[in-house]
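# Chains, contacts and geometry: an overview
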Amino acid sequence: MSGFKKGVFIPENTYKLLDHKKIVYKSSYEQRFMNYLDKTPAVKQWGYELIKIKYFDEVQQKERLYFTDFIAKIENANGELKTYIIEIKPYAQTQFLREGKDIVLPPEPKRKTKKALQNYNYEVGMILNNNAKWKSAILFCKKQGWEFKVLTENELFWWRIYERPCFEITTR
């Protein structure tokens with residue numbers, strides 16, 4: 001993940017935190033969402049990388065643990081408290097995944113250079129891995145009565161422009 005903005009997030013509203021460990025974000029998108037969680041009154045509690053979910057890694061053919069990005073307890077317009085597991089990803093890493101549909105793999109590279117094939121295989125592996133993680137997260141959330149969301153820059157930036165809560169947007 002080199003090239004992504006990393007740093008320590010210092011919340012203003014520490015009473016909302018589910019865990020008081022140091023929070024290290026791995027991208028500017030995560031940082032943006034942390035600010036949203038910290039400053040939005042409807043967000044009652046939140047945590048970063050607190051939930052672990054088992055999934056089967058199809059690429060390496062073994063069971064692994066998926067540390068979800070966020071858990072957030074948010075009061076909706078009806079005053080009900082809903083719990084969300086939220087993953088933050090660039091759209092480029094989600095465009096081939098659609099909930100309830102088959103995975104669509106990107107086309108193979110036209111030029112079959114070693115580097116092009118390595119990049120393609122990495123991208124396909126990432127797609128398969130994210131799909132396995134997210135299927136497991138959806139099942140985990142259903143059992144808990146929670147909801148799983150994947151937010152990209154499309155939702156994060158759209159929400160700011162239109163001043164709508166990004167967690168209410170239907171995502172993949």
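Residues numbered from 1 in each chain as written. Predicted model: local features only at pLDDT ≥ 70, side-chain atom pairs only at ≥ 80, totals over all residues. Heavy atoms only, no water.

Attention now moves to the side chain of T68. Secondary-structure assignment places T68 in the loop between strand 5 (62-67) and strand 6 (70-75). Look at T68 and you get buried, because its relative accessible area is 1%. Those residues in contact with T68 that sit more than four places away from it in its chain are E49, L50, I51, I53, I85 and E87. (Helix = DSSP H or I, 4+ residues; strand = E, 2+ residues; numbered from the N terminus. Buried < 20%, exposed > 50% of the residue type's maximum accessible area, 1.4 Å probe, protein only. Contact = heavy atoms within 4.5 Å.)

Attention now goes to the sheet that holds strand 7 (residues 81-88). Strand order in the open sheet formed by four strands is 3-6-7-8, with mixed pairing between adjacent strands. Edge strands, defined here as strands with exactly one partner in the open sheet, are strand 3 (43-48) and strand 8 (147-151). Adjacent strand axes in the sheet meet at a mean angle of 25° when their direction is disregarded. Along the sheet, helix 1 (residues 28-39) makes contact with strand 3, strand 6, strand 7 and strand 8, crossing strand 3 at roughly 150°. (Pairing = 2+ DSSP bridges. Axes fitted to C-alpha atoms, helices over the stretch in contact; angles between N-to-C directions.)

Our focus in this paragraph is the pattern of salt bridges. Within the structure shown, the criterion is met by seven salt bridges. E49 serves as the salt-bridge partner of K26, at 2.2 Å between the closest nitrogen and oxygen. Taken together, the positions of K26 in the loop between strand 2 (23-25) and helix 1 and E49 in the loop between strand 3 and strand 4 (52-57) put the pair 23 residues apart, joining distant regions of the chain. You can call K26 partly exposed: its relative accessible area is 27%. (Salt bridge = Lys/Arg side-chain N within 4 Å of Asp/Glu carboxyl O.)

Attention shifts here to the nonpolar core. Core analysis: the largest hydrophobic core is formed by 19 residues, its most contacted members being F33, M34, L37, W46, F70 and I86. When residues of this core are traced back to their parent elements, those giving at least two are strand 2, helix 1, strand 3, strand 6 and strand 7. Broken down by element, the residue count for this core peaks at four residues, all from helix 1. Counting 13 residues, the second largest nonpolar core, distinct from the first, contains I51, Y55, A132 and F148. (Core = buried A, V, L, I, M, F, W, Y, C linked by side-chain atoms within 4.5 Å.)

Attention now goes to empty space enclosed by the protein. Throughout the structure, instances matching the rule amount to one cavity of 30 Å³ or more. Volume-wise, the largest cavity comes out at about 40 Å³. Forming the walls of the largest cavity are L17, D19, K21, I23, W46, G47, Y48 and L50. (1 Å grid on protein atoms, 1.4 Å probe; cavity = no way out; pocket = protein on both sides within 12 Å on 5 of 7 lines; lining within 4 Å. Points joined across faces, edges and corners; volume = space filled by probe spheres on them.)

Interpretation in functional terms is not warranted from these geometric data alone.
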